[in-house]
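Structural description and commentary
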Amino acid sequence: MEKHSTTHTNHEHHNHDNSEQHDHQHHGHNHSHMLDDFKKRFYISLIFTIPILILSPMIQSFLGIEWRFSGDQYVLFILATFIFIYGGLPFLKGLKDELKEKNPGMMTLISLAIIVAYVYSSLTVFGLSGKNFFWELATLIDIMLLGHWIEMRSVMGASNALEELIKMMPSEAHLVDENGDVTDVPISDLKEGDHVLVKPGEKIPVDGAIVKGHSSIDESMLTGESVPVAKEAEDEVIGGSINGEGSLTVSVLKTGEKSYLSQVITMVREAQESKSKTQDLSNRAAKWLFYVALVAGITTLLIWLLLGYEFNYALERMVTVMVIACPHALGLAAPLVVARSTALAAKQGLLIRNRASFEDARKLQTVVFDKTGTLTEGRFGITDMEIEEGINQEEIMMLAGSLEAQSEHPIARGIVEDAKQRNIKLKSPENFESLTGKGLQGMVEGKDIKIVSPGYIKEQGIEYQVDKFQDLSKQGKTVVFVLVENKLAGMIALADKIRQSAKHAISELNSLEVKSMMLTGDNRQVANWVATELGLDDVFAEVLPHQKADKIKELKQEGFKVAMTGDGVNDAPALANADLGIAIGAGTDVAMETADVVLVKSNPSDVVSIISLSKATYRKMIQNLWWAAGYNIVTIPLAAGVLSPIGIVLSPAVGAVLMSLSTVIVAINARFLKV
């Protein structure tokens, strides 16, 4: 967990296990405190803005009314000073930080506009001839506070995913001591090897292995596996999943930061902290606009003075330019889209760990899949049955299933699962023995049943459909023979089952003109059968883990933008090397650590969702950046008075209204991001 330590440098004194939880609550608390702060500042500033608007001479003349009284401008000055200091404080603090880092950005630009408006307007109250801009100052600060509040709220929406994940973990566990006595202890006190009791219906407190008892466990929140999973002694359980009807004693394997849920929490946090490239673009744009505002402002002042206008008029133009150059819309353009797409992704079960790679997913040309556990379910299932004439298929399934139920072999499990899915009632065999290396034998309902390998059939010289058998073997399937009273009753072929969702995913990728390939360590026949069933463009079989990574590098060298989708430890090097590494959520921790995106629901179709969401997110960002920057590109020259020879001068009032409008449009446009 190397990555973890870097994000926790300031929490090193928290070395007990639930520092993770403390840190998150602190992180969340900090966010919500800032959110409340912006909200409070916005509302209070808004209340003070109303009298400023009423007292503003510019607004009064605009409405054709006169509500003047002696000293009204001093009242205006006092109200505006309060808004400048109280409402403007977050931006002025940001200005200090940015200048300290010698990196002017959004806060510097906002501060430039409000300082210029405030200082100029104050001077007009105390003797400088000109119109005051107090009402623009107030509305500017209101809009910016509102914008930051909206932005913080969107970011909080994404952070809430963390809070929800933390809530999934119980805070206490029932610790069982050597004498069998049970005491309730905080989870942070548990150590590896401790035994805890989990009662029916309770959440499992830690990742561990069952020592005693059996139950079905609901892991749907964690792995996306909708059906409760039957577990018994020696099976592993995940902290945060919900115990069913049985009572369990669990030995602690992983606590704190090592647990599955904590790793998911870390990923969500990394996803939120990895700043988007395009977002930096908006900060860079703000930096340039700051320089543009300074240069344009000073140039405007000089040109009007050179044209022989009064200093006061030239100054008013300069102030207008600087107020208008403040691109609040630009500040919101990327963050709002990022927040929206993170929330949409989480709803669809996509955890984005690396924003930059996710945003580049729109350029993907090839998606490479691992086979076992990704395109297939990673467990055997029946694909074909060849039953001899005059024999009932259901009866064969009942006889074979009843015998196989006594065995733990993956093939046996496959046959039993299929029998259960067909609602076939299995019987207990009267006697049962294993024929080493050849199969099983037993009595079911008084009949002698054998389930045997092709080797046994050849040895005994029993006749069977050789062509059919060879066809099935060529597809890489495992074939077993069922004998009833030593006569052949049928052949059953099994293979690792193909996920239904994989077929859908491949056809969707084809329609997007994205190539789909498979990289697998499995044998060539099996790989070819899966590739044919799914209609893949290319297949590489019998590949070792390091060769998987080499294959990805090779595809990249050929100029392809490549995504790799896998779930195993053996996929990790390939995931790390791909342009976009996608881990299947039910896979291993290592695969998830290395990936850029995790599919929580383990559904290959979600690969298509990643590409379409990435395209939609990018489109929205560019739209917003253009809208925001375009507004500034058009209005700065107008504010400077380029069109004044033909009588068009952009008044500060109109400038402020236009700016508010562009901010609102950018915010609404971000909300319209859909998939």
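Conventions and cut-offs
Residues numbered from 1 in each chain as written. Predicted model: local features only at pLDDT ≥ 70, side-chain atom pairs only at ≥ 80, totals over all residues. Heavy atoms only, no water. Helix = DSSP H or I, 4+ residues; strand = E, 2+ residues; numbered from the N terminus. Buried < 20%, exposed > 50% of the residue type's maximum accessible area, 1.4 Å probe, protein only. Contact = heavy atoms within 4.5 Å. Areas by Shrake-Rupley, 256 points an atom, 1.4 Å probe, with all protein chains shown as cover. Pairing = 2+ DSSP bridges. Axes fitted to C-alpha atoms, helices over the stretch in contact; angles between N-to-C directions. Core = buried A, V, L, I, M, F, W, Y, C linked by side-chain atoms within 4.5 Å. UniProt positions renumbered as here; feature names shortened; annotations may be inferred. Phe/Tyr/Trp six-rings, centres within 6.5 Å; stacked < 30°, edge-to-face > 60°. Salt bridge = Lys/Arg side-chain N within 4 Å of Asp/Glu carboxyl O. Expected span 1.5 Å × (residues − 1).

Right, let's get into the overall build of the chain. For the chain, the helix and strand inventory stands at 25 helices and 22 strands. When the 675 residues of the chain are sorted by exposure, 52% land in the buried category. The contacts of the chain with a sequence gap of at least 6 include a subset with a gap of at least 24, amounting to 69%. On the chain, roughly 31100 Å² of surface is accessible, and the fraction owed to carbon and sulfur atoms is 57%.

Judged by pairing direction, the sheet is mixed, and its 7 strands sit side by side in the order β10-β22-β21-β20-β11-β18-β19 without closing on themselves. The open sheet has two free edges, formed respectively by β10 (350-352) and β19 (538-540), since each of these has just one partner strand. Within the sheet, the average angular offset between the axes of one strand and its neighbour, ignoring direction, is 20°. Direction of pairing for strand β18 (residues 515-519) relative to β19: parallel, over a ladder of 3 bridges. Paired with Met-518 across the two strands is Val-539, which belongs to β19.

For the rest of this paragraph, the subject is the pairing of strand β14 (residues 439-444). In this sheet, β14 lies alongside strand β13 (residues 432-435) in antiparallel orientation, the contact comprising 4 bridges. Across the sheet, residue Phe-432 finds its bridge partner in β14, namely Gly-442. Both β14 and strand β15 (residues 447-452) contribute to a ladder of 6 bridges, which runs antiparallel. Bridge pairing in β15 links Gln-441 to Lys-450.

Moving on to the nonpolar core. Membership of the largest hydrophobic core comes to 109 residues, with the highest contact counts inside it found for Ile-52, Phe-134, Leu-137 and Ile-610. For this core, the element with the highest residue contribution is helix α24 (residues 606-640), accounting for 13 residues. Those residues in contact with Ile-52 that sit more than four places away from it in its chain are Leu-76, Leu-79, Ala-80, Ile-83, Phe-134, Trp-135 and Ala-138.

What follows concerns the UniProt feature "transmembrane region" (unreviewed entry) in the chain. Following the UniProt record, the feature "transmembrane region" (unreviewed entry) maps to residues 42-62, 74-92, 104-121, 133-150, 288-307, 319-339, 625-648 and 654-673 here. Counting secondary structure, residues 42-62 comes out at 95% helix and 0% strand; the distance between its end C-alpha atoms is 26 Å. End C-alpha to end C-alpha, residues 74-92 measures 24 Å, and it is 95% helix and 0% strand.

Looking now at the environment of Met-106. Within the secondary structure layout, Met-106 lies in helix α6 (residues 106-125). Judged by relative accessible area, which is 9%, Met-106 ranks as buried. Sequence separation between Met-106 and Ala-286 is 180 residues, and the spatial gap between their C-alpha atoms is 5.2 Å.

Glancing now at unusual backbone geometry. In the Ramachandran plot, Asn-423 falls in the positive-phi region, its phi being about 55° despite a non-glycine side chain. Classification of Asn-423 as exposed rests on a relative accessible area of 71%. A positive phi angle, close to 50°, is found at Glu-485, a residue other than glycine. By secondary structure assignment, the location of Glu-485 is in the loop between β16 (478-484) and β17 (487-498).

Right, let's talk about the packing of aromatic side chains for a bit. Under the definition given, this model contains 17 aromatic pairs. Plain terms: the ring middles of Phe-77 and Phe-126 are 5.1 Å apart, the flat faces sit at 85° to each other, and that makes the pair edge-to-face. Highlighted residues: Phe-77 in helix α4 (residues 72-87) and Phe-126 in the loop between α6 and α7 (134-167), separated in sequence by 49 residues. Residues Tyr-120 and Phe-133 carry aromatic rings whose centres are separated by 5.4 Å and whose planes lie at 50° to one another, so their mutual orientation is tilted. Residue Tyr-120 is located in helix α6, and its partner Phe-133 is located in the loop between α6 and α7; the two are separated by 13 residues in the primary sequence. Like Tyr-120, the residue Phe-133 is buried in the burial classification.

Attention now goes to the pattern of salt bridges. All told, the structure shown has 14 salt bridges when counted by the stated rule. Here Glu-542 and Arg-524 are joined by a salt bridge, their closest N and O atoms 4.0 Å apart. Residue Glu-542 is found in the loop between β19 and α21 (545-557), and its partner Arg-524 is found in helix α20 (residues 524-534); the two are separated by 18 residues along the sequence. On the accessibility criterion, Glu-542 (45% relative accessible area) is partly exposed.

Note: α-helices contain 3.6 residues per turn, so residues at a spacing of three or four share the same orientation. Over its 20 residues, α6 runs 29 Å from end to end, which matches the ideal 28 Å to within 8%, given 1.5 Å per residue. Of all 20 residues that make up α6, 17 are buried, and the element is covered over most of its length. Immediately beyond the C-terminal end of α6, within one or two residues, lies Gly-127, with a positive phi of roughly 115°.

One key point about sheets: their strands pair by backbone hydrogen bonds, in either a parallel or an antiparallel sense. Pairing in this open sheet of 6 strands is antiparallel, and the strands run β2-β1-β3-β9-β4-β7 from one edge to the other. Of all strands in the sheet, those bounded by a partner on one side alone are β2 (182-186) and β7 (236-237). For strand β4 (residues 207-212) and β7, the ladder comprises 2 bridges, and the chain directions are antiparallel. Across the sheet, the residue bridging to Ala-209 is Glu-236, located in β7.

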